Amino acid sequence: MFDFRTTALESTLLSMLQNGREKISTNDLIQKFPDGITVNAFDFATIKDKAFAVVTFNEDDKLYYNGGTVLSKMCIAWAAGFAGDPEAASTALAKAGGVKLKFAKEKTKDDNDVTTITVV
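Residues numbered from 1 in each chain as written. Predicted model: local features only at pLDDT ≥ 70, side-chain atom pairs only at ≥ 80, totals over all residues. Heavy atoms only, no water.

Caption draft 1: Fine view of the pattern of salt bridges. Evaluation of the coordinates by the stated rule reveals three salt bridges. The shortest N-O distance in the salt bridge between K107 and D113 comes to 3.1 Å. For K107, a relative accessible area of 54% corresponds to the exposed category. Note on D113: relative accessible area 52%, which makes it exposed. (Salt bridge = Lys/Arg side-chain N within 4 Å of Asp/Glu carboxyl O. Buried < 20%, exposed > 50% of the residue type's maximum accessible area, 1.4 Å probe, protein only.)

Written as structure tokens, this is what we have:
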């Protein structure tokens, strides 16, 4: 029998990595994981023709994080290493144990907040 509930839930997702997980904000990510996170899977979501990375991480499998420019650029480069196939790259990333990233907020000269990422 067709499962309307499951279909409805899945159609609200921008990435399958969001399924069954809660989104964590940048501020909460920095505060909850001051030593960083180990990204173990990634995917891309698109809103209004703009793609961004969606990642999961070893430290809490119940959460996902929507990446900004830097993290998305990193994930694009990972996918490029697998002929542009994000699914193959994400699978290989998980098999490799992931990549540890540390996030921090900094102020620009214009007093704007910017999130920096350090590969640990």
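Caption draft 2: Representation of the packing of aromatic side chains within the structure. Inspection of the entire model under this criterion finds five aromatic pairs. By the ring-pair criterion, three or more aromatic residues cluster together here, those being F42, F44 and W78. (Phe/Tyr/Trp six-rings, centres within 6.5 Å; stacked < 30°, edge-to-face > 60°.)

Caption draft 3: A look at the sheet that holds strand β4 (residues 63-66). What the six strands build is an open sheet, ordered β1-β4-β3-β2-β5-β6; its pairing is mixed. Lying at the two open borders of the sheet, with one neighbouring strand each, are β1 (22-23) and β6 (113-119). Here strand β2 (residues 37-47) runs beside strand β5 (residues 99-107); their pairing, made up of three bridges, is antiparallel. From the neighbouring strand, I37 faces β5, where its bridge partner is L101. Packed on one face of the sheet, helix α4 (residues 86-95) meets β2 and β5 and runs near 165° to β2. (Pairing = 2+ DSSP bridges. Helix = DSSP H or I, 4+ residues; strand = E, 2+ residues; numbered from the N terminus. Contact = heavy atoms within 4.5 Å. Axes fitted to C-alpha atoms, helices over the stretch in contact; angles between N-to-C directions.)

Caption draft 4: Just the environment of A94, in detail. Within the fold, A94 resides in helix α4. Distance from A94 to D28, taken between C-alpha atoms, is 24 Å for residues 66 residues apart in sequence.

Caption draft 5: Summary view of the side chain of D60. Note on placement: D60 falls in the loop between β3 (50-57) and β4. Side-chain polar atoms of D60 contact the backbone nitrogen of K62, separated by 3.0 Å. Once residues lying within four places of it in the same chain are set aside, the contact partners of D60 are K32 and F33. (Polar contact = N/O pair within 3.5 Å; in protein donor to acceptor, adjacent residues only side chain to side chain.)

Caption draft 6: A look at the nonpolar core. Judged by nonpolar contacts, the single largest core of 21 residues is most densely connected at L29, F42, F57, Y65, L71 and F103. Those elements giving two or more residues to this core turn out to be β2, β3, β4, α3 (69-80), α4 and β5. Setting aside residues no more than four positions away along its own chain, F57 makes contact with I24, L29, F33, I37, T38, V39, N40, L63, Y64 and Y65. Among the nonpolar cores identified, the runner-up in size contains six residues, and A41, A45, F52 and Y64 belong to it. (Core = buried A, V, L, I, M, F, W, Y, C linked by side-chain atoms within 4.5 Å.)

Caption draft 7: Region of the structure containing unusual backbone geometry. The residue K48 is not glycine, and still its phi comes out positive at about 50°. Following the sequence through the fold, K48 ends up in the loop between β2 and β3. For D49, which is not a glycine, the phi torsion comes out positive at approximately 65°. Mapped onto the fold, D49 is located in the loop between β2 and β3. Given a relative accessible area of 80%, D49 falls into the exposed group.

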